[in-house]
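What follows is each chain in one-letter form.
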Amino acid sequence: MSDVTPEPESSEDELKRKFREALERKKTAQTDANTGGKGKNASKIHGAHGPVGGKRSFRRKSGG
């Protein structure tokens, strides 16, 4: 066996690890927030646009 001691994490590796941990926390927080909805379509926005119907009419701008 060799007497090789593991090198301490470089600051770059540590920074990447911290970012990954923060991303995991963010993902779990978003998942927890989304599970509180009702049913399959749990969006807070309903009926953002009015009803679509009727024939569209186009009018020319009058000159002047």
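Each value, and the rule that gives it
- Residues numbered from 1 in each chain as written.
- Predicted model: local features only at pLDDT ≥ 70, side-chain atom pairs only at ≥ 80, totals over all residues.
- Heavy atoms only, no water.
- Helix = DSSP H or I, 4+ residues; strand = E, 2+ residues; numbered from the N terminus.
- Buried < 20%, exposed > 50% of the residue type's maximum accessible area, 1.4 Å probe, protein only.
- Areas by Shrake-Rupley, 256 points an atom, 1.4 Å probe, with all protein chains shown as cover.
- Salt bridge = Lys/Arg side-chain N within 4 Å of Asp/Glu carboxyl O.

The name an unreviewed UniProt entry gives the chain is DUF5302 domain-containing protein, with Streptosporangium brasiliense as the organism.

Turning to the overall build of the chain, a few remarks are in order. Assigned secondary structure in the chain consists of one helix and zero strands. Counting the 64 residues in the chain, one finds 0% classified as buried. Of the roughly 7,300 Å² of accessible surface on the chain, 52% is carried by carbon and sulfur atoms.

This paragraph deals with the pattern of salt bridges. Two side chains carrying opposite charge are able to pair once their charged atoms lie near each other. Under the counting rule described, the total for this entry stands at three salt bridges. One salt bridge in this structure joins Lys18 and Glu14, with 3.6 Å as the shortest N-O distance. Residue Lys18 and its partner Glu14 are both found in helix H1 (residues 11-34); the two are separated by four residues, about one turn of the helix. Judged by its relative accessible area of 30%, Glu14 falls in the partly exposed class. In this structure, the salt-bridge partner of Arg17 is Glu21, at a minimum N-O distance of 3.0 Å.

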